[in-house]
Each structure stands twice: as structure tokens, then as C-alpha cells.
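Each chain, written out:
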Amino acid sequence: MAQLVVENLKMYYHTRNGQVRAVDDISFTLEAGRALGVVGESGCGKSSLGLTLLRLLPSNGRVVGGSVRLGSDELMAMEEEAFRKGVRWKRLAMVFQGAMNALNPVLTVGSQIAEAILAHEKATKEEAVERAKKLLEMVGINPARYSHYPHEFSGGMKQRAVIAMALACNPEVVIADEPTTALDVMVQAQVLKAISDLRQRLGLSMILVSHDLSVVAQTCDDVAVMYAGKIVEYGPVEEVLVNPKHPYTQGLTQAFPDIRAERAPIVSIPGTPPNLLSPPSGCRFHPRCPLADARCAAEEPVLEEKGAPGHRVACHYVSKSGEVAEVKFA
Ligand SMILES: Nc1ncnc2c1ncn2[C@@H]1O[C@H](COP(=O)(O)OP(=O)(O)O)[C@@H](O)[C@H]1O
Ligand SMILES: [Mg+2]
């Protein structure tokens, strides 16, 4: 098992109106066996980051800088042929956002998993069927369900089936993009449990993309908070989500009510993430930040360790020793 090291990664979409800077100078390290949560509002570049790592970009998406190393291999410089043969699905796999709705309705679920195996590995039909059944079992689905059609599966089972499909070639790292978003909470808990079991059993490393902080708190070791194509805060889950320092993270955590706490008004961050064709100068969050001043509009804050070990924050208002200004959103 290898670690995944992402350094200064930039991926822009080229459009008629200019470049959309969806992944803009992202760096992090995913140690083998760890789970990293990526959180942030919709439109902040979370899915784009996953697609960039897997090199599955639409035709207008281009990696314009940076590196991604898996073990000793530099993934961004590899020939497509070598990447396809040796990395994509085999070492690095992805469960796409909305994938469970993309299962083919006229084919059985099991045959679609077997097909994924046959597409990437030298196996006989029989071997692929056997392995597909094992994979179903691994995600908590009775292998007798192999020959059932997608419409005979519940939402949670469909989601677990697409996770099984991503595991078809025994990858080291799995990127799961919003794997529980379309599910109700009870089913969400089942899917999260299946993911946790798999991680333990297979020693998988994982990147779990979600806009739901409680999902990340339950499943991940570390968290990266993305805003407008950048990581604004990064660190161990218990540090970042319990003791958020960046005003954006503070806003996100305040927007999640604690059912055991006394009733408090629901807080939201006014405004929306910026258009990444022309993101704001300085700190990209400054137009929405109650603390912002002239410096925030002029100078981009660096993502650096502040206070606790491994807790990195990009904000002028967080001191070197990690003291924060508390932010109140309306
Ligand atoms: N093919 C594309 N061409 C141009 N812009 C795109 C394309 N795909 C996504 N974007 C833009 O990139 C930004 C990031 O999108 P996305 O990665 O889907 O964010 P998230 O997953 O966090 O919701 C958004 O502003 C989105 O509109
Ligand atoms: Mg997305």
C-alpha cells in the first residue's frame, strides 16, 4: 500500500469565457490506510479534484500544474496507456457522484460488476462471476442477489453495489464522491458502516467527498475544507470539526445543528461560492467573511500550520499560535 502525495495541483476548465479555476493549487498527503474527508459547499471543486486524480476529465479540463504521486509513480506525467493499464481502477478507483443512478436498468447488477472485472483483468467469465459475488458479499449484499436488476435493489443496496464495482480490481485508494447524499439517514448509516468495514478489512485508503460534515466526522481521520478551488483548512477531524479556525469552516459547522444541544437558531453563511472564472482577489472567502478587511482583499493567506500539530489554516485572522477570532454569521 502506498501513500498518495498531491502537490500544488491545478486543473482548469477552458471555456469560451475563460478559465474556470476549479482545482487551484491543492496539496495534501493521504497516508496508506487513512481516510480523508473533503468538504465544502457545492461548486467548490470537490468532484473536479477527484476526477483530476483519476485523470477522467471532460475534454475542456486540463491539468495546468502540480504533481500527484502514488508510491513512487508520478501519475500526472504518465502516458495515458500506462495509466489506464496500471493505475486507473487497479490502484486508484472512484465511486462517481450519482453513480447508483447510472446502473444499467436492463442488465443484472451482478453482471455489471462482473463486466467491470472482465474489462480490466484477465479472468474467465466464471472467475468474474465468482469474484462479483464475493464483492457483493463484502458490501453486505447477499450474493444470491447477483442476478437481480437495479430496480429490485433499494437505494442503499444500489449504492453499495457501485462501491463493490469500484473495488473490482482491488484498488489501494478509493475516492467516493458524495456516496450517501441521495440516501435517507438510516440507509446512509448502513452505507457508511459498509465503507468502514471495507476500510478495515482491506486496509483501503479513501478520499470521501461530502458536503455533509457529520458523514465525514463519522468516517474520516482527516478533513480538507475546500472553498473556491482551494483548501482553506486541513487537519485531523477531531481538531478541524471540533475546533474550527477558518471563518468558512466555522460557518459550515454552525450550519449543522446538534440535536442533543439546546435549540439554537439555524445559521447559514450568506451568499454563495464565487464563480471560478474570476474568483475574488486575496482570500477567496473575503466577500462573505464578517472579519474581512483590506488585507484579506489584497493578500492571499497561505495554508500553514497554526496551533495544533497538523492543523493548517489559510486565514490572516488566525494567529501563528492558533488563536482564532470567533465568527458569527446571521
Ligand atoms: N466541464 C466543465 N466546464 C466548465 N466548468 C465546469 C465543468 N465542470 C465543472 N465546472 C465548474 O467547476 C466548478 C467546480 O465544480 P465541481 O468540481 O463539480 O464542484 P463540487 O463537486 O464541489 O460541487 C464549478 O464552478 C463548476 O461549475
Ligand atoms: Mg460534486
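Definitions and cut-offs
Residues numbered from 1 in each chain as written. Chains lettered and ligands numbered in written order. Predicted model: local features only at pLDDT ≥ 70, side-chain atom pairs only at ≥ 80, totals over all residues. Helix = DSSP H or I, 4+ residues; strand = E, 2+ residues; numbered from the N terminus. Rg over C-alpha atoms; globule rule 2.2 N^0.38 Å. Buried ≥ 20, exposed ≤ 12 C-beta atoms within 10 Å, placed from the backbone. Contact = placed C-beta atoms within 7 Å. Pairing = 2+ DSSP bridges. Axes fitted to C-alpha atoms, helices over the stretch in contact; angles between N-to-C directions.

**What about the overall build of the protein?**
So, step 1. Helix and strand content of the protein: ten helices and twelve strands.
So, step 2. Its C-alpha radius of gyration of 21 Å places the protein within 12% of the 20 Å reference for a compact globule of 330 residues.
So, step 3. Viewed in the frame of its principal axes, the protein has a C-alpha envelope of about 65 × 50 × 40 Å.
So, step 4. Burial analysis of the protein (330 residues in total) assigns 44% to the buried set.
So, step 5. Excluding contacts between residues fewer than 6 apart, the proportion of contacts in the protein whose partners are at least 24 apart in sequence is 64%.

**As for the sheet that holds strand 3 (residues 35–39)**
So, step 1. Read across the sheet, eight strands follow the order 6-7-8-3-9-10-12-11 without closing on themselves; strand pairing throughout is mixed. The strands lining the two open edges of the sheet, one partner per strand, are strand 6 (92–95) and strand 11 (304–305).
So, step 2. For strand 11 and strand 12 (residues 312–313), the ladder comprises two bridges, and the chain directions are antiparallel. In the sheet register, Glu305 faces strand 12, and the bridge partner there is Arg312.
So, step 3. On top of the sheet, helix 5 (residues 155–166) reaches strand 6 and strand 7 (173–177); it is set at about 165° to strand 6, its chief contact.

**Side note on the sheet that holds strand 2 (residues 18–30)**
So, step 1. Strand order in the open sheet made by the four strands is 2-1-4-5, with antiparallel pairing throughout. Only two strands of the sheet have a single partner each, and these edge strands are strand 2 and strand 5 (73–74).
So, step 2. Of the strand pairs in this sheet, strand 1 (residues 4–15) and strand 4 (residues 61–70) are connected by eight bridges, and their pairing is antiparallel. When the sheet's bridge partners are listed, Val5 is paired in strand 4 with Arg69.
So, step 3. Set on the sheet, helix 1 (residues 46–53) makes contact with strand 1, strand 2 and strand 4; between it and strand 2 the angle comes to about 70°.

Remember, this is a structural readout, not a statement about activity or role.
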